[in-house]
Amino acid sequence: MTISPAGVVPTLGVRLLPPTAACDYESWAARLVTLDLLRDAVAVALYRLPLLAVPVGADRRGGSMDMLDPVFAQALADALQGRHGFDRLTLSGQLVRWGDPMPDCLAPDARRRFQGLREEPRHRPITLPPGPGGRDLDSRSWPPVPESLHGRQPIPPRGVVRAGAAHAP
């Protein structure tokens, strides 16, 4: 771990980036029934590999993201709080969920439909739909993607308290 000149240990937390920065963006775009959901999606960077968090809406009833540590799950829940499509946030250990809770008894086809996913992926180039209000989202509206040092592990952010069984807005 590198110590800064001022003697402060830098911390890595959860960062939200533009959706196209996610390494799994094309996979989600090929499988989502409603591509407009990508407009409000965010890439969640914990390590050097940002993953896509897709909001609920249209035919997508719920979503979730499994973080590696409850501290990072709390930081993600805090970061998503108040964002369009990430309503009814709940936190259980290292799992962050939004939207309706998925019933346990659903068959695989029903689970796919609950998540707003197609039966077969699209096989064509995907472009990000225009953003809210008809404006296009582009890299100018987001900060640059920060670089990570090779082999560096994230440090849980300071001041984040481990959550109990649930976190509701």
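Residues numbered from 1 in each chain as written. Predicted model: local features only at pLDDT ≥ 70, side-chain atom pairs only at ≥ 80, totals over all residues. Heavy atoms only, no water.

Visitor: Explanation requested: the side chain of R60 in the structure shown.
Guide: In this fold, R60 is placed in the loop between β3 (51-53) and β4 (62-66). Buried R60, no salt bridge; nearest opposite-charge side chain is D59, N-O distance 7.9 Å. Side-chain polar atoms of R60 contact the backbone oxygen of Q115, separated by 2.7 Å. Non-local contacts of R60, meaning those with residues more than four positions away in its chain, are made with W28, L32, L37, V54, P55, F114, Q115 and G116. (Helix = DSSP H or I, 4+ residues; strand = E, 2+ residues; numbered from the N terminus. Buried < 20%, exposed > 50% of the residue type's maximum accessible area, 1.4 Å probe, protein only. Lys, Arg positive; Asp, Glu negative; His and termini not counted. Salt bridge = Lys/Arg side-chain N within 4 Å of Asp/Glu carboxyl O. Polar contact = N/O pair within 3.5 Å; in protein donor to acceptor, adjacent residues only side chain to side chain. Contact = heavy atoms within 4.5 Å.)

Visitor: How should the layout of surface pockets be read in this particular structure?
Guide: Rolled over the atoms, a probe with the dimensions of a water molecule shows which regions are left empty. Roughly 310 Å³ of volume is contained in the largest pocket. Of all the elements in the fold, those that place two or more residues in the lining of the largest pocket are β4, β6 (95-99) and α3 (108-114). A per-class count over the lining of the largest pocket returns six nonpolar, six polar and six charged. Taken as a whole, the second largest pocket spans an internal volume of roughly 190 Å³. (1 Å grid on protein atoms, 1.4 Å probe; cavity = no way out; pocket = protein on both sides within 12 Å on 5 of 7 lines; lining within 4 Å. Points joined across faces, edges and corners; volume = space filled by probe spheres on them. Nonpolar A, V, L, I, M, F, W, Y, C, P; charged D, E, K, R; others polar.)

Visitor: Hey, could you run me through the packing of aromatic side chains in this one?
Guide: Both the distance between ring centres and the angle between the ring planes are used here to describe each pair of aromatic rings. Within this structure, the stated rule accounts for one aromatic pair. Positioned above the aromatic ring of W28 is the side chain of R31, whose terminal nitrogen or guanidinium carbon lies 4.9 Å from the ring centre. (Phe/Tyr/Trp six-rings, centres within 6.5 Å; stacked < 30°, edge-to-face > 60°. Lys NZ or Arg CZ within 6 Å of the ring centre and 35° of its normal.)

Visitor: Help me out: how do you make sense of the nonpolar core in this one?
Guide: For soluble globular proteins, the rule of thumb is that nonpolar side chains tend to be buried together. Formed by 20 residues in total, the largest nonpolar core has its most connected members in V14, V44, M67, L76, L80, V96 and W98. The set of elements that each furnish at least two residues to this core consists of β2 (42-45), α2 (70-80) and β6. By residue number, the principal contributor to this core is α2, which donates six residues. The next biggest cluster of nonpolar side chains, apart from the first, holds 15 residues, and it includes L17, W28, A43 and L117. (Core = buried A, V, L, I, M, F, W, Y, C linked by side-chain atoms within 4.5 Å.)

Visitor: It is not clear to me how the environment of Q74 should be interpreted in this structure. Could you clarify?
Guide: Tracing the backbone shows Q74 in helix α2. Looking at Q74, the relative accessible area reads 8%, which means it is buried. On a C-alpha basis, the gap between Q74 and V96 in space is 8.0 Å, while along the polypeptide they are 22 residues apart.

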